[in-house]
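# Close look at the chain arrangement
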Amino acid sequence: MSFFGYKKGDMHAEGVALKTIAAQVGTPFYCYSAGALRAAMGEFNRGMKGMNASVHYALKANPSLAVIKLFAEMGAGADIVSEGEMMRALAAGVPARKIIYSGVGKKATELMAALQAGVGQINVESAAELETLNAVAGQLGKRADITIRVNPDVDARTHAKITTGKKGNKFGIDIDLARAAFAEAGKLPHLRIVGVAMHIGSQLTTLAPYAKSLKKVGKFIAQLRADGHKIDRFDVGGGLGIVYKKEKPPSIADFLAVVKKETKGLDCELSFEPGRRLVGEAGVLVSEVILVKPGASKTFVIVDAAMNDLIRPTLYEAWHDIMPVRQPRPDAATIRCDIVGPICESGDYLAQNRDLPRLSAGDLIMVRSAGAYGAAMASTYNSRPLVPEVMVDGTRFAVTRPRPSIEDMLSVERIPQWMKNGEKT
Ligand SMILES: *Cc1c(COP(=O)(O)O)cnc(C)c1O
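Residues numbered from 1 in each chain as written. Predicted model: local features only at pLDDT ≥ 70, side-chain atom pairs only at ≥ 80, totals over all residues. Heavy atoms only, no water.

Axis separation between helix H2 (residues 34–47) and helix H9 (residues 252–262) bottoms out at 9 Å; the angle between their running directions is 35 degrees. Remark: the crossing between H2 and H9 carries right-handed chirality. Of the residues in H9, those touching H2 at Ala40, Glu43, Phe44 and Gly47 are Ile252, Phe255 and Leu256. Per-class residue counts for the contact of H2 with H9 are 5 nonpolar, 1 polar and 1 charged. (Axes fitted to C-alpha atoms, helices over the stretch in contact; angles between N-to-C directions. Helix = DSSP H or I, 4+ residues; strand = E, 2+ residues; numbered from the N terminus. Left-handed = near helix turned anticlockwise from the far one by under 90°. Contact = heavy atoms within 4.5 Å. Nonpolar A, V, L, I, M, F, W, Y, C, P; charged D, E, K, R; others polar.)

Below, the structure is given as structure tokens:
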């Protein structure tokens with residue numbers, strides 16, 4: 001079921017017309033469908049029935065408190081990569097023991113905060129981090145529950161910037177070197193090894209790289225056990241892809257079936273860390289056309305959302321579907337255009353070479369599949385306020401993060417006292 005669709009000629013998120021939100025909130029804005037979020041999480045919950053498994057929502061994909069809370073209420077824990085994300089997860093009601101702390105460069109102060117908060121599992125990614133965590137835990141008189149993230153050296157066949165499980169990526173410890181790291185960890189008095197973690201990449205649209213990695217790491221777990229380590233958990237990471245254009249990502253049920261098959265007999269508790277799959281298709285970015293500029297070779301549709309609001313097109317060469325919010329007539333003629341923002345960068349585009357019905361100033365457009373790594377990666381480049389976020393649930397909607405005013409943005413800055421004194425430098 002799609003949670004976004006035309007009703008009486010106007011694009012709706014569930015029961016709310018996007019133009020209604022635009023009139024109240026202004027543009028651009030991100031809009032998330034609570035129904036779509038619930039549907040995705042529900043698919044995981046149904047598929048995991050009878051499995052010793054749990055979901056830890058990777059909140060870097062969309063760290064909105066309302067989104068985290070919705071998943072937490074459906075039983076999800078959180079996968080975090082910074083102290084800030086930990087504070088968000090806790091603020092949204094995720095119990096500390098259900099938090100997994102991932103990341104290749106955790107600072108000692110962050111590890112300390114995590115241990116003090118009682119975070120359930122820390123996924124260690126290097127020998128140096130083992131030492132630091134052991135020292136920090138020692139200072140606090142605690143023992144940290146850890147996994148070591150291994151890099152299984154498998155090609156996830158996704159975009160180069162989001163592949164993480166291949167030799168030469170900075171993530172995890174090479175599977176060939178990880179045995180020594182486990183031996184080292186086993187000797188450190190303030191660490192308790194609870195399992196093994198992996199995460200091979202993002203926007204995976206086939207299951208073969210998962211199957212291969214699970215097989216490899218499964219064998220490795222057997223070897224670790226033979227070495228005398230107690231391995232109870234297998235954290236298989238996230239990475240499941242979504243539809244942007246015409247991808248055919250596997251269903252969550254099929255994904256879980258492969259995990260079940262490949263981990264059969266391992267007798268491990270499984271953790272999943274989906275991010276994009278839970279939120280990506282549940283969100284859209286709505287923007288207004290500022291003006292239309294015909295060029296020599298193509299037409300530029302200049303809209304009020306830009307690369308600072310959604311960086312995926314320029315960062316990952318990502319393709320996002322663009323739809324007019326007002327339903328075009330079926331026989332409407334199309335023109336070839338680029339949908340671009342107002343920023344002074346040639347990389348500032350949302351879409352290139354699209355055949356769209358003729359748009360004019362004041363029209364609204366919707367950028368689809370923008371719920372993941374959209375608002376999360378936004379910046380204020382060009383002193384553009386962060387885009388507000390809205391959640392729709394049935395016929396209700398609420399602003400979950402308002403648009404800051406320009407005054408708000410300026411008020412956090414300081415002019416050095418010597419400049420205020422008018423001293424010459
Ligand atoms: C980014 C990340 C995830 C989530 O990735 P998605 O592709 O959004 O599912 C999960 N685990 C780790 C360790 C990550 O870095």
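Moving on: the site of the ligand. Inspection of the region around the ligand gives 14 residues, with Lys60, Ser202, Glu273, Arg276 and Tyr373 positioned closest. Side-chain polar atom of His199 to a nitrogen atom of the ligand: 3.5 Å apart, as the coordinates give it. In this structure, Glu273 approaches the ligand through a side-chain N or O atom, which is 2.6 Å from a nitrogen atom. Residues belonging to the shell around the ligand are distributed by class as follows: 3 nonpolar, 6 polar and 5 charged. (Near = heavy atom within 4 Å. Polar contact = N/O pair within 3.5 Å; in protein donor to acceptor, adjacent residues only side chain to side chain.)

Next up on the list: the pattern of salt bridges. Any two side chains of opposite charge can pair, on the condition that their charged atoms come close. Summed over the entire model, instances satisfying the criterion amount to 19 salt bridges. When the shortest N-O distance is used, the salt bridge between Arg179 and Asp227 registers 2.7 Å. Of this pair, Arg179 sits in helix H7 (residues 178–187) while Asp227 sits in the loop between helix H8 (208–226) and strand E12 (233–235), and the two are 48 residues apart along the sequence. On the accessibility criterion, Arg179 (39% relative accessible area) is partly exposed. Classification of Asp227 as partly exposed rests on a relative accessible area of 34%. Lys215 is paired through a salt bridge with Glu262; the nearest N and O atoms lie 3.3 Å apart. Remark: Glu262 occurs in helix H9 and Lys215 occurs in helix H8; sequence separation between them is 47 residues. Taking the relative accessible area as the measure of exposure, Lys215 reaches 46% and is therefore partly exposed. Using a relative accessible area of 15% as the deciding quantity, one classes Glu262 as buried. Here the residues in one salt-bridge network are Asp10, Lys19 and Arg326, joined through shared partners. (Salt bridge = Lys/Arg side-chain N within 4 Å of Asp/Glu carboxyl O. Buried < 20%, exposed > 50% of the residue type's maximum accessible area, 1.4 Å probe, protein only.)

Turning our eyes to something else, we now look at the packing of helix H4 (residues 83–91) against helix H5 (residues 108–117). Look at H4 against H5: their axes get within 9 Å of each other, and the N-to-C directions meet at 20 degrees. Classed by the angle they form, the pair H4 and H5 counts as roughly parallel. Crossing of H4 against H5: the hand is left-handed. Only Thr109, Glu110, Ala113, Ala114 and Ala117 of H5 make contact with H4, whose side of the interface consists of Glu83, Met86 and Leu90. Of the residues assigned to the contact of H4 with H5, the class counts are 5 nonpolar, 1 polar and 2 charged. (Parallel < 35°, antiparallel > 145°, perpendicular 65-115°, else oblique.)

Among the residues of helix H1 (residues 18–25), those classed as buried are Leu18, Ile21, Ala22 and Val25. Buried residues along H1 cover an arc of 100 degrees about the axis, so they all sit on one side. Of the exposed residues in H1, the ones pointing more than 90 degrees away from its buried face are Ala23 and Gln24. Gly26 sits one or two positions beyond H1 and adopts a positive phi of about 85 degrees. (Arc of directions from axis to C-beta.)

Quick look at the packing of aromatic side chains now. Evaluated as defined, the whole model comprises 7 aromatic pairs. Ring centres of Tyr30 and Tyr32 lie 6.3 Å apart, and the angle between their planes is 20 degrees; on these two criteria the pair is classed as stacked. With a centroid separation of 5.8 Å and an interplanar angle of 65 degrees, the aromatic rings of Phe182 and Phe220 are classed as edge-to-face. Here Phe182 is found in helix H7, whereas its partner Phe220 is found in helix H8, with 38 residues between them in sequence. Each member of the pair, Phe182 as well as Phe220, carries the same accessibility label: buried. Members of the aromatic cluster, each reached through a chain of ring pairs, are Phe44, Tyr210, Phe255 and Phe272. Here Lys106 stacks its cationic end above the ring of Tyr101, 5.5 Å away from the centre of that ring. (Phe/Tyr/Trp six-rings, centres within 6.5 Å; stacked < 30°, edge-to-face > 60°. Lys NZ or Arg CZ within 6 Å of the ring centre and 35° of its normal.)

One can read the domain layout of the protein as domain 1 (4–31 + 280–411) and domain 2 (34–277). The centre of domain 1, based on its C-alpha atoms, is set 32 Å off from the matching centre of domain 2. Among the ionic pairs, Arg38 bridges to Asp393, the shortest N-O distance being 2.7 Å. Where domain 1 meets domain 2, there are 9 residue pairs in polar contact (both at pLDDT 80 or more). Residue assignment for the side of domain 1 that touches domain 2 shows that the elements contributing at least two residues are helix H11 (312–316) and strand E20 (389–393). Looking at the side of domain 1 that touches domain 2 element by element, the count peaks at 4 residues for E20. (Domains from an automatic or database assignment.)

Core analysis: the biggest nonpolar cluster contains 120 residues, and Phe71, Ile122, Ile146, Phe234, Phe272 and Ile339 have the highest contact counts within it. Each of domain 1 (4–31 + 280–411) and domain 2 (34–277) accounts for three or more of the residues forming this core. Aside from chain neighbours lying at most four places away, what touches Ile122 is Tyr101, Lys106, Leu111, Ala114, Leu115, Glu129, Leu133, Asp145, Ile146 and Thr147. (Core = buried A, V, L, I, M, F, W, Y, C linked by side-chain atoms within 4.5 Å.)

This next bit is on the pairing of strand E17 (residues 334–340). Counting buried positions over the 7 residues of E17 gives 5, a clear majority of the element. Bridge analysis of strand E15 (residues 299–303) against E17 gives 4 bridges, and the strand direction is parallel. Bridge pairing links Thr299 to Cys337 in E17. Relative to strand E18 (residues 349–357), E17 runs antiparallel, the two sharing 6 bridges. Following the sheet pairing, Ile339 is matched in E18 by Ala351. (Pairing = 2+ DSSP bridges.)

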